[in-house]
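# Reading the structure
The lines below spell out each chain.
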Amino acid sequence: ATLNVDASPATSRLIPDTLFGVFFEEINHAGSGGIWAELVSNRGFESGGSTAPSSIEPWSTIGDESTVIVYTELSSCFEQNKVALRMEVLCESTGANFCPTGGVGIYNPGFWGMNIEKQKTYKVVLYTRSLDSINVSVSLTSSNGQQTLATSNIVAAASEVSKWTKVEILLEAKETNPNSRLQLTTNRKGVIWFDQVSVMPLDTYKGHGFRPELVEMVADLKPRFIRFPGGCFVEGEWLRNAFRWKETVGPWEERPGHFGDVWNYWTDDGLGYFEFLQLAEDLGALPVWVFNNGISHNDEVDSSYVLPFVQEALESIEFARGDPDSKWGSVRAAMGHPEPFDLRYFAVGNEDCWKKNYRGNYLKFYSAIKRQYPDMQIISNCDGSAKALDHPADFYDFHVYTGASNLFSMTHKFDGTRSRTSGPKAFVSEYAVTGNDAGRGSLLAGLAEAAFLIGLENNSDVVHMVSYAPLFVNDNDRRWNPDAIVFNASQSYGTPSYWVQRFFTESSGATLLNTTTDNPSSIVASAIAWKDSENNNEYLRIKVVNFGVDTVNMTISINGLQKNTIKLFGSTKTVLTSTNLMDENSFREPKKVVPNQSLLENAADYMNVVLLPHSFTSFDLLM
Ligand code: AHR
């Protein structure tokens with residue numbers, strides 16, 4: 001086989017700066033119990049609903065009914081989340097009804113265990129109240145409470161805690177245990193109330209509350225944008241459970257939290273609108289704000305009543321971009337970010353094009369936002385690849401979940417785009433191989449996605465943004481398979497789909513070169529020229545997918561080079577393949593299917609290379 005690469009400026013063009021990004025959805029406990037580093041699950045006792053008494057899951061009681069009685073009441077000092085925990089201790093340290101060793105109380109196992117690490121410091125914040133003097137042990141322990149990793153006591157006279165009082169404690173762990181819990185225990189008789197109990201590690205990504213090793217895996221993708229917070233999570237099964245940004249900003253203690261009824265779990269909304277914007281900034285990625293347009297999976301607001309949603313949208317933009325003395329800009333400033341966030345992309349809904357009120361609602365959002373923020377790029381849910389949109393838009397969403405052969409054949413999906421110079425650009429905001437071909441993240445899925453992405457790269461005059469979905473899964477709550485990054489409380493790994501994306505980290509903003517191959521049925525290729533700003537080195541990267549069962553001997557010939565100096569030293573070859581097509585990574589074998597880099601010993605403008613069966617190869621030539 002042959003691959004011709006034309007490096008002459010006449011046939012090259014710039015790839016949009018925004019091409020490769022990520023899509024973060026609160027699905028699979030990706031945020032709550034995921035990248036958001038809060039260790040306590042249901043920290044405000046709110047997940048059982050806004051009436052009391054209610055379930056306090058996953059909290060549990062330490063001690064039996066003869067020693068301690070625990071239930072929720074509507075007695076919190078926080079107006080938006082009135083549920084608090086009342087704990088009546090019946091036993092005491094001495095006398096006939098003495099408490100069991102270690103005392104009685106409550107514990108929280110976090111999200112399938114808290115990962116507590118030796119010598120790391122954890123900040124405990126809680127609110128408490130009592131009419132008696134209190135002596136409460138605050139401890140991080142093993143899952144059965146037998147091993148204490150860190151402990152401290154809250155000792156206060158009745159007069160000090162007769163009103164709701166905020167307590168802050170720093171705990172340094174003396175041992176590591178990935179399956180720990182938080183305990184609040186006492187052996188002093190009396191009634192104590194607790195609310196808004198939080199445990200956060202001090203060590204978070206850029207100090208902003210995110211789990212560092214998970215965010216670093218995202219940062220390694222060099223995403224140019226981050227679409228958030230969903231997906232279906234934005235819509236809700238019912239509008240009453242949809243994501244409403246105003247309830248997710250301001251002091252964390254005052255956020256009511258909500259039950260995401262599509263993926264069926266509670267979130268305290270510690271990871272709220274502000275934190276998403278902060279994460280985008282910390283990643284150097286542009287935020288793409290997906291907004292509920294008055295439509296959920298099962299109910300819709302008629303277009304004549306949608307203005308309150310439009311108003312909320314305008315206010316959300318003011319929150320992100322407004323002056324610190326504007327109404328909503330001041331809320332942002334009070335949260336520690338007086339400078340505006342760089343919000344330029346606004347998606348009206350998610351997968352709602354086919355719904356009765358979508359067009360009507362969309363147009364109301366579009367005109368109101370463009371009137372006030374003419375530069376805002378508006379994304380429609382309607383697929384403009386098949387036929388021209390019947391409404392104005394800067395981008396249209398394109399989603400695809402399908403089998404491997406089908407996605408492989410969609411490499412050419414955008415080749416026939418009608419108008420390449422005008423009209424909305426495509427935002428492939430969700431794509432993945434799913435079903436039997438994918439399992440929990442197979443090499444086969446990754447290879448088909450690699451071919452599809454190469455197709456998008458080659459069509460990046462009409463496709464300006466692309467992101468895989470979903471990004472994260474907590475292995476304890478798989479709501480969707482496959483996903484790019486798998487984690488639990490202490491471990492994480494990338495699926496082949498994650499590693500495929502790593503091949504495209506230099507593509508956004510690079511120069512696309514023209515490529516032709518004589519074996520289009522199983523070979524898909526693209527080539528870019530890019531400059532490493534850290535050392536000013538210039539590279540040519542040629543990416544080739546061999547989707548066939550046979551080894552392919554290929555001649556690569558590069559013409560039109562401006563700088564005719566391909567250097568041997570510094571040129572490399574990176575290959576992603578494995579023994580079996582359905583091979584996956586796992587906690588046991590996290591690196592079974594990962595790219596392998598080696599020196600490219602015959603790097604030149606004319607070279608013979610070997611493409612392994614079922615492989616994705618990148619040839620990186622130093623110029
Ligand atoms: O990525 C998972 C889901 O797939 C998203 O929530 C939704 O947009 C799509 O249907």
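Each value, and the rule that gives it
- Within every chain, residues take consecutive numbers counted from 1 along the sequence as written.
- For this predicted model, a pLDDT threshold of at least 70 governs which residues receive local features, and a threshold of 80 or more governs which side-chain atom pairs are given and counted, while totals over whole chains, interfaces and linings are taken from all residues.
- UniProt positions are given in the numbering used here, feature names are shortened, and annotations may be inferred rather than shown by experiment.
- Strands here mean DSSP runs of E at least two residues long; helices mean DSSP runs of H or I at least four residues long; both are numbered from the N terminus.
- Radius of gyration here is computed from C-alpha atoms only, and the compact-globule reference equals 2.2 Å multiplied by the residue count raised to the power 0.38.
- Burial is judged by counting other C-beta atoms within 10 Å of a residue's own C-beta: 20 or more means buried, 12 or fewer means exposed, and anything between counts as partly exposed, with every C-beta placed from the backbone.
- By the criterion used throughout, residues are in contact when their C-beta atoms, derived from the backbone, lie within 7 Å.
- The start and end points of each domain follow an automatic or database-based domain assignment.
- Each residue gets one label: Ala, Val, Leu, Ile, Met, Phe, Trp, Tyr, Cys and Pro are nonpolar, Asp, Glu, Lys and Arg are charged, and the others, such as Gly, are polar.
- Pairing between two strands requires that DSSP report at least two bridges joining them.
- Only the stretch in contact is used when fitting a helix axis, every axis being a line fitted to C-alpha atoms; angles between N-to-C directions are given from 0 to 180 degrees.
- The labels follow the angle: roughly parallel below 35 degrees, roughly antiparallel above 145, roughly perpendicular from 65 to 115, and oblique for the rest.
- Each crossing gets its handedness from the near helix: less than a right angle anticlockwise from the far helix is left-handed, clockwise is right-handed.
- To estimate the expected span of a helix, subtract one from its residue number and multiply by 1.5 Å.
- Here, nearness is defined through the C-beta atom: a residue counts as near a molecule or strand if that backbone-placed atom lies within 6 Å of it.

- The name an unreviewed UniProt entry assigns to the chain is non-reducing end alpha-L-arabinofuranosidase, from the organism Dillenia turbinata.
- Here the chain is described in UniProt, under the heading Catalytic activity (unreviewed entry), as follows: "Hydrolysis of terminal non-reducing alpha-L-arabinofuranoside residues in alpha-L-arabinosides."
- In its Sequence similarities (unreviewed entry) section, the UniProt record describing the chain reads: "Belongs to the glycosyl hydrolase 51 family."

### Digging into the overall build of the chain
- Counting secondary structure elements, the chain contains 10 helices and 34 strands.
- Taken over C-alpha atoms, the radius of gyration comes to 27 Å for the chain, in line with the 25 Å a tight globule of 623 residues would show.
- For the chain, the spread of C-alpha atoms along the three principal axes comes to 90 × 55 × 45 Å.
- Burial statistics for the chain: of 623 residues in total, 50% are counted as buried.
- Considering only residue pairs separated by 6 or more positions, the chain has 75% of its internal contacts joining residues 24 or more positions apart.

### Brief notes about the domain arrangement of the chain
- Under the domain assignment used here, the chain contains domain 1 (2-14 + 510-622), domain 2 (22-37 + 204-316 + 342-502) and domain 3 (60-201).
- If you average the C-alpha positions of domain 2 and of domain 3, the two centres end up 38 Å apart.
- At the junction of the two partners, domain 2 supplies 14 residues and domain 3 supplies 12 residues.
- Taken together, the residues of the side of domain 2 that touches domain 3 sort by class into 3 nonpolar, 9 polar and 2 charged.

### Thoughts on the sheet that holds strand β21 (residues 395-402)
- Pairing is parallel in the open sheet, where 8 strands are placed in the order β3-β15-β18-β19-β20-β21-β22-β23. Where the open sheet ends on each side, the last strands, each with one partner, are β3 (22-23) and β23 (463-466).
- Each of β22 (425-433) and β23 touches helix α9 (residues 443-458); the most contacted strand, β22, lies at about 170 degrees to it.

### Observations regarding the sheet that holds strand β26 (residues 492-494)
- Ordered in space as β24-β25-β26, the 3 strands form an open sheet in which the pairing is mixed. Edge positions in the sheet fall to β24 (472-474) and β26, since each of these pairs with one other strand and no more. Pairwise comparison of adjacent strand axes, ignoring direction, gives a mean angle of 20 degrees for this sheet.
- Contacting β25 (485-487) and β26, helix α2 (residues 212-219) runs over the sheet at an angle of about 15 degrees to β26.

### Side note on the packing of helix α5 (residues 307-321) against helix α6 (residues 327-334)
- One can describe the packing of α5 onto α6 by two numbers: an axis separation of 7 Å at closest approach and a directional angle of 45 degrees. Relative to α6, α5 is oriented oblique. With respect to the hand of their crossing, α5 and α6 are arranged in right-handed fashion. Within the contact between the two elements, α5 uses E315, E318 and F319 and α6 uses K327, W328, G329, V331 and R332.

### Some words on helix α7 (residues 358-372)
- Helix length check: α7, at 15 residues, gives a terminal C-alpha distance of 21 Å against a target of 21 Å (1.5 Å per residue), a fit within 8%.
- When α7 is considered as a whole, its buried residues turn out to be Y358, N361, Y362, K364, F365, Y366 and I369.
- Contacts made by the buried residues of α7 are with α5, β19 (345-348) and β20 (377-380).

### Quick notes on the pairing of strand β1 (residues 2-6)
- Residues L3 and V5 point to one face of β1 and are all buried, whereas T2, N4 and D6, pointing to the other face, are not buried.
- In terms of strand pairing, β1 meets strand β27 (residues 511-517) through 4 bridges, oriented antiparallel. Note on β27: the bridge partner recorded for V5 is T515.

### Some words on the site of the ligand
- Within the structure, the ligand sits among E25, I27, G230, G231, C232, N350, E351, E430, A469, P470 and W480.
- Considering only residue class, the shell around the ligand consists of 5 nonpolar, 3 polar and 3 charged.

### What about the pairing of strand β34 (residues 615-622)?
- In terms of burial, β34 is a largely internal element, 6 of the 8 residues being buried.
- Direction of pairing for strand β29 (residues 537-546) relative to β34: antiparallel, over a ladder of 8 bridges. In the sheet register, K543 faces β34, and the bridge partner there is S618.
- Note that strand β31 (residues 567-576) and β34 share 6 bridges and pair antiparallel. When the bridges of β34 are listed, T572 appears paired with D620.

### Regarding unusual backbone geometry
- Along the chain, F228 connects to P229 via a cis peptide bond; the corresponding omega equals -5 degrees.
- In this structure, P229 sits in the loop between β15 (225-228) and α3 (232-235).
- Looking along the chain, the bond that leaves G230 and enters G231 is cis, with omega of 20 degrees.
- In this fold, G231 is placed in the loop between β15 and α3.

### Observations regarding the environment of N135
- Tracing the backbone shows N135 in strand β10 (residues 134-142).
- Expressed as a C-alpha distance, the spacing of N135 and A489, which sit 354 residues apart in the sequence, is 30 Å.
- Look past the residues within four positions of N135 in its chain and what remains in contact with it is N153, V155, T186 and R188.

### Quick word on the environment of Q311
- Tracing the sequence through the fold places Q311 in helix α5.
- It is 8.6 Å that separates the C-alpha atoms of Q311 and A368, two residues lying 57 residues apart in sequence.

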